[in-house]
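If you want the building blocks of each chain, they are given just below.
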Amino acid sequence: PVLAAFFAASCAAPPPVRVAQQPPPAPKPAELPYKWSQGNAPQAHKDALALFGPLYMRPGEFKWAPAVPKEGETKVVIDLMSQLFYVYRGDALVGVSTISSGKKGKETPLGFWSVMTKKKKGFSRKYDNAPMPYMQMYDPKGIAFHAGANPGYPASHGCVRLPLKFAEQLFAMTRIGTKIIIEG
């Protein structure tokens, strides 16, 4: 009888009250560990997300805005951390592309640059006359952005390699003096 009373009493007890807890706040996206940035590359990424949506791009892929303004200066922002290349016309982002920048020991230099030389059929002065289609040199040592192999990671001798069709369209948009910002 005592045992039956014990089980009856324990079954009759109300279940403990549970207070619903708020889920923890979503973690903020981690900032990339830039060695040098003036905020241009992170802003370009935000602009690209606003224009194109999520940037799930495979090596060699690129995107252009549906309409590119005819007026305004062209500006280039290169993000070595994300291996992305952004093109602006005036204040409007108009294109984004995957790149392959300089590999370890031959890193692409950071900083503010300007296009110094443009050649549709450029060739490397240092590396066995290697072809550099749609070459736009911005460094007196020969570093440029141009069409080339794009494996999805830094693999060049310092240049920034672009997909061929992107490099071709970009070549038509720039001029000697076009501003280039390289962060990473």
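Let me sum up the structure you'll find in this document. Since the model is a prediction, treat every value here as computed from it, not as a measurement.

Cut-off values and rules
- Residues numbered from 1 in each chain as written.
- Predicted model: local features only at pLDDT ≥ 70, side-chain atom pairs only at ≥ 80, totals over all residues.
- Heavy atoms only, no water.
- Helix = DSSP H or I, 4+ residues; strand = E, 2+ residues; numbered from the N terminus.
- Buried < 20%, exposed > 50% of the residue type's maximum accessible area, 1.4 Å probe, protein only.
- Polar contact = N/O pair within 3.5 Å; in protein donor to acceptor, adjacent residues only side chain to side chain.
- Contact = heavy atoms within 4.5 Å.
- Pairing = 2+ DSSP bridges.
- Axes fitted to C-alpha atoms, helices over the stretch in contact; angles between N-to-C directions.

**Structural notes on the side chain of Ser-101**
Within the secondary structure, Ser-101 sits in the loop between β4 (92–98) and β5 (111–114). Under the relative-accessibility criterion, Ser-101 is labelled buried at 3%. Side-chain polar atoms of Ser-101 contact the side chain of Gln-83, separated by 2.8 Å. Excluding its chain neighbours within four sequence positions, the residues that come into contact with Ser-101 are Leu-80, Gln-83, Thr-108, Pro-154, Ala-155, Ser-156, Cys-159 and Val-160.

**What to know about the sheet that holds strand β8 (residues 144–147)**
Taken in spatial order, the 4 strands line up as β6-β7-β8-β9 in an open sheet, and their pairing is mixed. Each edge of the open sheet carries a strand with a single partner, namely β6 (117–123) and β9 (160–162). Averaged over all pairs of adjacent strands, the angle between strand axes in this sheet comes to 25°, irrespective of strand direction. Summarising the sheet, strand β7 (residues 131–137) and β8 pair through 2 bridges and their orientation is antiparallel. Bridge assignment links Met-137 to a residue of β8, and that residue is Ala-144.

**Description of the pairing of β4**
For β4, a buried count of 6 out of 7 residues is recorded, marking the element as mostly surrounded by other parts of the structure. As paired elements, strand β1 (residues 62–64) and β4 share 3 bridges and run antiparallel to each other. Residue pairing across strands places Trp-64 opposite Gly-95, the latter belonging to β4. Inspection of the sheet shows strand β3 (residues 84–89) paired to β4 by 6 bridges, in the antiparallel sense. Along β4, the bridge assignment pairs Val-87 with Gly-95. Hairpin remark: β3 followed by β4, antiparallel, with 2 residues in the connecting loop; positive phi at Gly-90, about 65°.

**Comments concerning the sheet that holds β5**
Two strands in a sheet stick together by hydrogen bonds in their backbones, pointing the same way (parallel) or opposite ways (antiparallel). What the 6 strands build is an open sheet, ordered β1-β4-β3-β2-β10-β5; its pairing is mixed. Looking along the sheet, the strands with just one partner apiece sit at the ends: β1 and β5. Strand-to-strand twist of the sheet, defined as the mean angle between neighbouring strand axes without regard to direction, takes the value 20°. In this structure, β5 lies alongside strand β10 (residues 179–183), joined through 4 bridges in antiparallel fashion. Opposite Ser-114, over in β10, you have Lys-179 as the bridge partner. Relative to β1, helix α3 (residues 164–173) is tilted by about 40°, and along the sheet it contacts β1, β2 (74–79), β3 and β4.

Functional significance is not addressed by these values, which are geometric in nature.
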